[in-house]
Amino acid sequence: MSFDIALNFEDGVTRFINCGRAESVVDAAYRQGINIPMDCREGACATCKCRVESGDYSLGDYIEDALSSSEADQGYALACQMRPTSDCVVLVPTSSTACSTRQESYVAQIKEVRRLSESTFSLALQGDGLKDLVFLPGQYANLQVPGEEHRQRAYSFSSMTARGNSVTFLIRNVPGGLMSSFLKERATPGGEMIMNGPFGSFYLRPLVRPLLMLAGGTGLAPFLAMLDKIVAAGGSPFPIHLIYGVNTDRDVVEIDKLETFTRLIPSFTFEVCVVDANSERPKKGYVTHHIEPAHLNDGDVDIYLCGPPPMVEAVAQHLRDVNVKSASFHFEKFAASIS
Ligand code: FES
């Protein structure tokens, strides 16, 4: 029996390794070509100290100088001693290059390009090349624009797991944009695309309290992957509310999928708000206009936000204005790129 361990490096790179039941994380990583910093290998020097963000494990043998009981209580562990007893997410406090990790690269074929609205494409990639792909729900990959070898664009996965070896992305239609132009003018089913990743520290943590999800435009994508994952895990005992904000009615996409999630996850609700005052939707304005005290649950809430930088600032300011400090606030900022 082995477990999937996500190693998240401080430069945002994630690598997955499998770790045998009796194997330490350091040994499993080395076996798979990743040199987690270490020295004594005996639980004495603390060089290999990491923080375990989720999962179950035994701490192994070590001395108090290397790992204090308060650090252990906070989720720190020594990778040379730690033995996972479930899948885990481990934060490694150094860069992936310092650990000699290779960039993971996948060759996939275009399965489908769909125009979900004037402003949004859905891109599905498939192929045997994706069979080893694993990522955390909420993470992103860099897609290389075919014919533009050195130009990549970052997109969050909008589906979880490579069902039938396929993954999907939501892509904003940027007039004149490199990827948008490719999707509109040249992309054909079967065409090859290179994907690098996964990357990013924006991913779903263990569900331990209510969740508030805030999506701006195509920032909806990572939440679709997270909700996919929650469905696969059997739902959530805690309320999950999504506020999905867009600029105009034409930008609203994937409502059918969100409605399906409300049926599959009984504790999930969502609402859509539109900035355009002429919108036909009942809720107008920005996401911050629709955050209710009940969504913040007196601070006992984990907030996830994916949207443009001003939205991140606006939500942070809103939390200050209402004097609520949430249990956690995870965000991913993105900006459309043209060149
Ligand atoms: Fe020294 Fe792990 S390498 S404590």
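Residues numbered from 1 in each chain as written. Predicted model: local features only at pLDDT ≥ 70, side-chain atom pairs only at ≥ 80, totals over all residues. Heavy atoms only, no water.

(A) Representation of the environment of Met226. By the secondary structure assignment, Met226 is in helix α4 (residues 221-232). On the basis of relative accessible area, Met226 is assigned to the buried category, the value being 0%. Not counting chain neighbours up to four residues away, the residues in contact with Met226 comprise Pro137, Gly138, Phe202, Tyr203, Leu204, Met213 and Tyr304. (Helix = DSSP H or I, 4+ residues; strand = E, 2+ residues; numbered from the N terminus. Buried < 20%, exposed > 50% of the residue type's maximum accessible area, 1.4 Å probe, protein only. Contact = heavy atoms within 4.5 Å.)

(B) Main features of the pattern of salt bridges. Taken as a whole, this structure holds 12 salt bridges when the rule is applied. Between Arg114 and Glu112 there is a salt bridge; the shortest N-O distance is 3.7 Å. We classify Arg114 as partly exposed; its relative accessible area is 37%. Of the charged contacts in the structure, one is a salt bridge between Glu118 and Arg250, with a shortest N-O distance of 3.4 Å. With Glu118 in the loop between β8 (105-117) and β9 (120-126) and Arg250 in the loop between β15 (240-246) and α5 (255-264), the pair connects residues that are 132 residues apart, well separated along the chain. The class of Glu118 is exposed, set by a relative accessible area of 53%. (Salt bridge = Lys/Arg side-chain N within 4 Å of Asp/Glu carboxyl O.)

(C) Focus on the layout of surface pockets. Here the largest pocket is characterised by a volume of approximately 660 Å³. Taken together, 27 residues make up the lining of the largest pocket; nearest its centre are Asp87, Val89, Leu136, Pro137 and Lys229. Elements with a minimum of two residues in the lining of the largest pocket: β1 (2-9), β3 (49-54), β7 (88-92) and α4. Class assignment of the residues belonging to the lining of the largest pocket gives a composition of 17 nonpolar, 5 polar and 5 charged. In terms of lining, the second largest pocket is formed by 30 residues, of which the most central are Gly216, Gly217, Gly245, Asn247 and Pro308. The dominant element in the lining of the second largest pocket, judged by the number of residues it contributes, is helix α7 (residues 309-321), at 4 residues. Residues belonging to the lining of the second largest pocket are distributed by class as follows: 18 nonpolar, 10 polar and 2 charged. (1 Å grid on protein atoms, 1.4 Å probe; cavity = no way out; pocket = protein on both sides within 12 Å on 5 of 7 lines; lining within 4 Å. Points joined across faces, edges and corners; volume = space filled by probe spheres on them. Nonpolar A, V, L, I, M, F, W, Y, C, P; charged D, E, K, R; others polar.)

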